[in-house]
Amino acid sequence: MVSKIHLDGIGMTSMRTRNRLITRLREQGIVNEDVLDVITATPRHLFVDEALAHRAYEDDALPIGHNQTLSRPYIVAKMTELLLEKGTPKRVLEVGTGSGYQMSILAQLVDELYSVERIKPLLDKARQRARMLKLNNVRFQHADGGFGWPQQGPYDAILSAAAPRQVPEELLEQLAIGGRLIMPIGDARQQQLIVIDKTQEGLHEQVIEAVNFVPLLAGRIG
Ligand code: SAH
């Protein structure tokens with residue numbers, strides 16, 4: 001079951017700041033109203049250190065420790081929109097939980113979410129945030145997500161917030177027929193956001209736009 005965050009009790013100032021972000025996302029071409037509603041309702045300031053909270057509704061990437069970053073709202077919105085483009089996927093795998101912000105957006109739009117992170121302290125914090133926000137359709141795993149989470153697959157959609165140089169075979173294998181993979185591919189100098197649709201006939205790839213993500217790294221930490 002989809003979980004929802006409610007907007008009750010959010011102050012006027014905060015609502016204005018959030019609406020400004022939504023206007024900016026619309027200007028950049030985000031059109032899916034469900035995605036925009038969920039971004040409005042989700043308290044992004046709870047996913048960063050208190051010292052950065054005042055910047056949480058700007059369209060910027062923010063540091064989350066351990067050399068990692070929370071993606072800018074535009075890219076979270078864009079990837080989520082691509083994930084929903086062909087209907088609502090039921091089972092979704094997210095590689096790179098990080099702060100849990102993208103996780104909390106996805107949890108409000110899909111039935112079941114499986115989220116994998118290699119850095120334990122980040123995963124633990126994201127898990128707490130999911131609990132606090134009562135997002136109870138998410139399961140987490142501390143693992144190298146380059147190998148996916150085979151026991152829970154196949155997935156209707158797979159989304160990665162970390163860039164490998166090439167698409168991992170394991171992720172393609174865990175994608176259901178009719179499913180879609182959305183991920184950045186490339187190195188530190190050049191990356192593209194790609195979408196791969198898996199059909200009866202085979203794989204169909206589209207390049208969406210140039211992006212800038214942290215690398216997909218091997219192994220687990222912590
Ligand atoms: N979606 C996250 C973005 C975090 S940045 C958010 O909303 O905050 C990407 C994350 O991918 C980092 O936390 C990084 O540790 C993680 N990551 C990198 N390689 C990984 C791997 N092989 N398996 C799982 N997570 C990985």
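Heads up: the structure comes first, above all this text.
Residues numbered from 1 in each chain as written. Predicted model: local features only at pLDDT ≥ 70, side-chain atom pairs only at ≥ 80, totals over all residues. Heavy atoms only, no water.

The next point concerns the overall build of the protein chain. From N to C terminus, the protein chain includes 6 helices and 11 strands. Taken against the 2.2 N^0.38 rule, which gives 17 Å for 222 residues, the C-alpha radius of gyration of the protein chain at 16 Å falls within 12% of a compact globule. When its C-alpha atoms are laid out on the principal axes, the protein chain stretches across 50 × 40 × 40 Å. Excluding contacts between residues fewer than 6 apart, the proportion of contacts in the protein chain whose partners are at least 24 apart in sequence is 56%. Summing over all exposed atoms, the protein chain offers an accessible surface of approximately 10,800 Å²; the carbon and sulfur share of this is 50%. Of the side-chain charges in the protein chain, 26 are positive and 27 negative, and the distance between the mean point of each set is 5 Å. (Helix = DSSP H or I, 4+ residues; strand = E, 2+ residues; numbered from the N terminus. Rg over C-alpha atoms; globule rule 2.2 N^0.38 Å. Contact = heavy atoms within 4.5 Å. Areas by Shrake-Rupley, 256 points an atom, 1.4 Å probe, with all protein chains shown as cover. Lys, Arg positive; Asp, Glu negative; His and termini not counted. Charge placed at Lys NZ, Arg CZ, Asp CG, Glu CD.)

This part takes up the pairing of strand β8 (residues 175-186). Among the 12 residues in β8, 10 count as buried, and that is most of the element. Pairing analysis gives 4 bridges linking strand β6 (residues 155-160) to β8, with the strands arranged parallel. Paired with A157 across the strands is R180, a residue of β8. Both β8 and strand β9 (residues 191-199) contribute to a ladder of 7 bridges, which runs antiparallel. Counted as the bridge partner of P184 is L193 from β9. (Buried < 20%, exposed > 50% of the residue type's maximum accessible area, 1.4 Å probe, protein only. Pairing = 2+ DSSP bridges.)

What follows concerns the sheet that holds β8. The sheet built from 7 strands is open, its strands ordered β5-β4-β3-β6-β8-β9-β10 with mixed pairing. The two strands at the open ends of the sheet, each matched to only one other strand, are β5 (138-142) and β10 (202-211). Neighbour-to-neighbour, the strand axes of this sheet turn through a mean angle of 15 degrees, independent of strand direction. Taken together, the 4 bridges between strand β3 (residues 91-95) and β6 define a ladder with parallel strand orientation. Looking at β6, one finds that V95 is bridged to S160. (Axes fitted to C-alpha atoms, helices over the stretch in contact; angles between N-to-C directions.)

Among the nonpolar cores identified, the biggest contains 50 residues, and L25, I39, L83, L113 and L135 are the most heavily contacted of them. At 8 residues, helix α3 (residues 73-84) tops the list of elements feeding residues into this core. If sequence neighbours within four positions are ignored, L135 has contacts with S3, I5, M103, S104, A107, Q108 and A130. Core analysis: the next-biggest nonpolar cluster, separate from the first, contains 16 residues, L93, Y114, Y155 and I158 among them. (Core = buried A, V, L, I, M, F, W, Y, C linked by side-chain atoms within 4.5 Å.)

Further remarks concern the site of the ligand. Around the ligand, a shell composed of 26 residues is seen, among which S99, E117, D144, G145 and L217 lie nearest. Within the backbone of L217, one N or O atom sits 2.6 Å away from a nitrogen atom of the ligand. Element by element, the count of residues in the shell around the ligand is highest for strand β2 (residues 68-70), at 3 residues. (Near = heavy atom within 4 Å. Polar contact = N/O pair within 3.5 Å; in protein donor to acceptor, adjacent residues only side chain to side chain.)

Here the structure, examined in full by the defined rule, presents 3 aromatic pairs. Ring plane angle 75 degrees and centroid distance 5.6 Å describe the contact between F47 and Y101, whose orientation is recorded as edge-to-face. With F47 in the loop between α2 (33-41) and β1 (62-65) and Y101 in helix α4 (residues 101-107), this residue pair connects regions lying 54 residues apart in the sequence. On the basis of relative accessibility, which here comes to 1%, the residue F47 falls in the buried class. A residue is classified by how much of its surface remains accessible, and Y101, at 1% relative accessible area, is buried. One aromatic cluster is present, formed by Y114, W149 and Y155 through successive ring pairs. The cationic tip of R44 hangs over the ring face of Y101; the distance from NZ or CZ to the ring centre is 5.4 Å. (Phe/Tyr/Trp six-rings, centres within 6.5 Å; stacked < 30°, edge-to-face > 60°. Lys NZ or Arg CZ within 6 Å of the ring centre and 35° of its normal.)

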